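# Observations on the three-dimensional arrangement
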Amino acid sequence: MARDGGVSCLRSSEMLNVGLGGMESPPLDLDEVHVLAVDDSLVDRIVIERLLRITSCKVTAVDSGWRALEFLGLDNEKASAELDRLKVDMIITDYCMPGMTGYELLKKIKESSSFRQVPVVIMSSENVLTRIDMCLEEGAEDFLLKPVKLADVKRLRNHLTGDVKLSNGNKRKLPEDSVTVHALLPPPPALTLSTDSSDSSPPLSPVEVFSSPLSSQEDDDVLTTSPGSSPTPEESMGRRQKMRSPGLD
Amino acid sequence: MDALVAQLQMQYRNYTVSLYQQGFLDERFTELRQLQDDKHPNFAAEMLSLSFDDSVKHIGNITRACKDQTGTVDFGLVDVSVHQLKCTSSSVGAKRVKDLCVTFKEYCEANNYEGCVRCLQQVDIEYNTLKTKLQDMFNLEKQIIQAGGKVPQVDGH
């Protein structure tokens, strides 16, 4: 379990039990992957939720970027300090939404200190290369073409569990290429996790990824070891080329 | 009883395959079926139903936008609703409606009023045709289950 597991759990579930108007508030277990899904289309929201549940994720689904920010506590500067222990392992958002687009939401998340390390995945029904590039350059983890398939979500899930928490608390991400490799090859075998004194997760179980800010020491580590939010143009190109063939796995 | 089930199952298979072959449904519908399990036995039908509700709304918005009394049509507004109709159709495998929306969008972008009106008429027909055919398909499923049989997996091939 994470160092501050008990406290995080409490704050998270307290926060979620605050009525947020029709949003699902699953009870959180720090070993489980929690995904925030954002889509203004009810059908798409239900489908993505089903896909995520099938891949063993807990899901909170909201219908707009504003609701997402509200959920994350980013809509109110004063509130964010108290909500900084909300555990969100991934955010998956539609691009085309009224009011705030997925791109705008991505930017706000990447601008926040609490959530900028959370992987953000953009979904779009349109295969527009400039759009894909723009999102990748802003720090999007991946770009999925709609309608999203189970294979796409499984790939994302495998990627999340591939983020390894090492014994010294550093969070190491797999090499950049492994993200794009997943698009073409079957997922790599699950990694054996090294355990530290406070992490008793058995091998092959999901790990908490680098979303929740932990102690200040780990914050420093995360800042220096997590990938920059602006990939080089070459990296963008490489990922974009790989992403031209969604659903190959 | 078994003979009846077998006959219904064959009828169902043929009907469903024909829907795919005629382009009413595509592999997205198959994918939604594959998400079904004992706890969610009607997932595909439920998504279709929600999508139909959405479609009615979008078609209504398009209709209103095209019937503008002042003589100026806000093609931007039409385009937004056509996009939403295309997305909801694509999400559930309503192929013909989705494909029509692609053409519809082109007319919007070209500010082609006659083209838009034609597309609107066609979209309305396609949507209603699909709805009727799917109701028939789901009725066959119900009959199979009521006759004590299992609904066969049909992927359109």
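Residues numbered from 1 in each chain as written. Chains lettered and ligands numbered in written order. Predicted model: local features only at pLDDT ≥ 70, side-chain atom pairs only at ≥ 80, totals over all residues. Heavy atoms only, no water.

### Some words on the overall build of chain B
Counting its secondary structure elements, chain B contains six helices and zero strands. Along the three orthogonal principal directions, the C-alpha set of chain B runs to about 65 × 30 × 25 Å. For chain B, buried positions account for 48% of its 157 residues. Considering only contacts in chain B between residues 6 or more positions apart, those separated by 24 or more positions represent 68%. About 8400 Å² of surface is accessible on chain B, with carbon and sulfur atoms providing 49% of the total. (Helix = DSSP H or I, 4+ residues; strand = E, 2+ residues; numbered from the N terminus. Buried < 20%, exposed > 50% of the residue type's maximum accessible area, 1.4 Å probe, protein only. Contact = heavy atoms within 4.5 Å. Areas by Shrake-Rupley, 256 points an atom, 1.4 Å probe, with all protein chains shown as cover.)

### Here's the deal with the packing of aromatic side chains
For the coordinates displayed, the defined rule picks out one aromatic pair over all chains. Both rings, one in B:Phe52 and one in B:Tyr127, keep their centres 5.4 Å apart while their planes meet at 80°; by these two values the pair is edge-to-face. Of the two residues, B:Phe52 sits in helix α3 (residues 43–66) while B:Tyr127 sits in helix α6 (residues 113–146), which places them 75 residues apart along the sequence. Comparing B:Phe52 with B:Tyr127, the two get one shared label, buried. A:Arg50 extends its terminal NZ or CZ atom over the ring of B:Phe43, reaching a point 5.7 Å from the ring centre. The residue whose ring lies beneath B:Arg96 is B:Phe24, and the NZ or CZ to ring-centre distance is 4.0 Å. (Phe/Tyr/Trp six-rings, centres within 6.5 Å; stacked < 30°, edge-to-face > 60°. Lys NZ or Arg CZ within 6 Å of the ring centre and 35° of its normal.)

### Some details on the sheet that holds strand β4 (residues 120–124) of chain A
All names here are of chain A. Spatially, the five strands line up as an open sheet ordered β2-β1-β3-β4-β5, and their pairing is parallel. Strands with a single pairing partner mark the edges of an open sheet, and in this sheet they are β2 (57–62) and β5 (142–145). Each strand of the sheet is rotated relative to its neighbour by a mean of 20°, with strand direction disregarded. Bridge analysis of strand β1 (residues 33–38) against strand β3 (residues 90–94) gives four bridges, and the strand direction is parallel. Within β3, the position partnered with valine 38 by the bridge is threonine 93. Across the sheet, helix α2 (residues 42–54) lies against β1, β2, β3 and β4, angled at about 170° from β2, the strand it touches most. (Pairing = 2+ DSSP bridges. Axes fitted to C-alpha atoms, helices over the stretch in contact; angles between N-to-C directions.)

### So, the state of the cysteines
Inspection of every chain in the model, using the stated rule, returns zero disulfides over all chains. Not engaged in a disulfide, the cysteine B:Cys87 finds its nearest cysteine sulfur in A:Cys96; these two sulfurs lie 6.9 Å apart. Residue B:Cys87 is classed as buried on the basis of its relative accessible area of 17%. (Disulfide = S-S within 2.5 Å.)

### Here we look at the nonpolar core
The tendency in soluble globular proteins is for nonpolar side chains to be buried side by side. Among the nonpolar cores identified, the biggest contains 64 residues, and A:Ile48, A:Leu52, A:Ile92, B:Val78 and B:Phe104 are the most heavily contacted of them. Looking at this core, the element that brings in the most residues is α6(B), giving ten residues. Leaving out residues up to four positions away in the same chain, A:Ile48 has contacts with A:Ala37, A:Ile92, A:Met123, A:Val148 and A:Val153. (Core = buried A, V, L, I, M, F, W, Y, C linked by side-chain atoms within 4.5 Å.)

### Some points on unusual backbone geometry
Residue and element names in this part refer to chain A. Put simply, lysine 146 and proline 147 share a cis peptide bond, and its omega is 0°. Mapped onto the elements, proline 147 comes out in the loop between β5 and α7 (150–161). Here the phi dihedral of serine 56 falls at roughly 65°; this positive angle occurs in a residue that is not glycine. Tracing the backbone through its elements, the reader meets serine 56 in the loop between α2 and β2.

### Section: the interface of chain A and chain B
Counting residues at the interface gives 16 residues for chain A and 21 residues for chain B. Of the roughly 1400 Å² buried where chain A meets chain B, counting both sides, 61% is carbon and sulfur surface. Together, A:Val43, A:Arg50 and A:Pro147 form the three largest contributors to the area buried by chain A at its contact with chain B, with a combined 41%. Taken together, the links from chain A to chain B amount to two salt bridges. For the pair chain A and chain B, the interface holds seven residue pairs in polar contact (both at pLDDT 80 or more). (Buried area = accessible area lost by both parts, 1.4 Å probe. Salt bridge = Lys/Arg side-chain N within 4 Å of Asp/Glu carboxyl O. Polar contact = N/O pair within 3.5 Å; in protein donor to acceptor, adjacent residues only side chain to side chain.)

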